[in-house]
Amino acid sequence: MAHNGYSVAGLLYSVAFFLWMLHGSNGDMSYSIPEEMKPGSVIGNIARDLGLNVGTLSARKARIDSDLNRKRSCDINLNTGDLIVAERIDREALCSEKTSCILTFELILEAPLELHRISLQIRDINDNPPVFIKDEIKMEINELAVKGSRFRVLEAHDVDIGQNAVQSYSLETNSFLVLNIQSKLDGGKFAELVLDKELDREEQRELRLLLTALDGGTPRRTGTATVHVTVLDANDNAPVFSQAVYKAIIPENSPLDTVVVKVDATDADEGLNGAVTFELSRISETGRRVFALNHTTGEM
Ligand SMILES: *[C@@H]1O[C@H](CO)[C@@H](O)[C@H](O)[C@H]1NC(C)=O
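Residues numbered from 1 in each chain as written. Predicted model: local features only at pLDDT ≥ 70, side-chain atom pairs only at ≥ 80, totals over all residues. Heavy atoms only, no water.

Peer 1: Break down the environment of Ala-93 for me, citing the residues and quoting the values.
Peer 2: The topology assignment puts Ala-93 in helix H4 (residues 91-95). Each C-alpha atom of the pair Ala-93 and Val-159 lies 9.7 Å from the other, and the pair is 66 residues apart in sequence. (Helix = DSSP H or I, 4+ residues; strand = E, 2+ residues; numbered from the N terminus.)

Here's what the structure looks like:
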């Protein structure tokens, strides 16, 4: 039984293929529609394009056959001969990043059996915005970075293609960083931040700037992320004494451990870079014998 079934199927296939060879080559039809058309929208008129009248289509049981494992995305209206959209067609789901998205179907007519290939090009519409992977892009810039230093930021992605993909970026106006847009080999764009004015952590510890990615569709769609720049501290500040000269007078009979003078200094840097300790750079022999300096408190 199995062998018989197989050979009958094989024979039918051969006949179908023979007929397709006879009729297929001069009966190919191609149409082009934007994605996301409403179900029921008319793609074209099959009866007219094949030069048949509408009655012939139903008499010959015209139907659409699509590739296996795929839902039929178009259908024939036998009353009008129109090829219509049967269900939502999402270009991104069908073809993702491919620049050309073409679906093929077979139009089957019976008595006599006739097959026509229908190719349907799905055009991209700007139905997706650019998206940054993260809402907040963290960056660290050392306060010693010189003007003109460049920092690459994460790019945004847009599943649409061509002009509907990411075309440009814009950065919230600020006095330190400007944008520089670079093109990649695949045609995509990424943004670099360029230091336009040197940073000083003692004045500004961090910056929060809104970065916007724009696509080139109509209407334009945008995606945003916050660029959070932490200005890293460099040990760029020396400690500064609260007075240039400290003068002290003590009575000759002062007891041991009397505080003669307390010096004080501050350092604008942070952490270890801003921790101040005291040393005496010059002291006479007598002074060394009589006075002691507390290195951490500055008490003499
Ligand atoms: C310095 O002063 C601190 C605080 O008064 C004290 O704990 C520390 O022992 C002093 N160090 C010296 C070497 O006297």
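Peer 1: So what about the sheet that holds strand E4 (residues 74-77)? Which residues, and what values?
Peer 2: Judged by pairing direction, the sheet is antiparallel, and its three strands sit side by side in the order E2-E5-E4 without closing on themselves. Of all the strands in the sheet, the pair left with one neighbour each is strand E2 (42-45) and E4. Across the sheet, the mean angle separating the axes of adjacent strands is 25 degrees when strand polarity is ignored. (Pairing = 2+ DSSP bridges. Axes fitted to C-alpha atoms, helices over the stretch in contact; angles between N-to-C directions.)

Peer 1: Any details on the pairing of strand E7 (residues 114-123)? Residues and values, ideally.
Peer 2: When strand E1 (residues 29-34) meets E7, the two strands line up parallel, connected through six bridges. Looking at E7, one finds that Ser-30 is bridged to Ser-119. Across eight bridges, the pairing between strand E6 (residues 102-109) and E7 is antiparallel. Along E7, the bridge assignment pairs Phe-105 with Ile-118. Here E6 folds back onto E7 in antiparallel fashion, the turn holding four residues, of which Ala-111 has a positive phi close to 50 degrees.

Peer 1: Residues and numbers for unusual backbone geometry, please.
Peer 2: In this model, Ala-111 is joined to Pro-112 through a cis peptide bond whose omega is -5 degrees. As for its placement among the helices and strands, Pro-112 is situated in the loop between E6 and E7. Cis geometry is found at the peptide bond from Thr-218 to Pro-219, where omega equals -5 degrees. Mapped onto the secondary structure, Pro-219 falls in the loop between strand E13 (206-215) and strand E14 (222-232). Positioned with a positive phi, Glu-36 is a non-glycine residue whose angle comes to about 65 degrees. In this fold, Glu-36 is placed in the loop between E1 and E2. Owing to a relative accessible area of 27%, Glu-36 belongs among the partly exposed residues under this scheme. (Buried < 20%, exposed > 50% of the residue type's maximum accessible area, 1.4 Å probe, protein only.)

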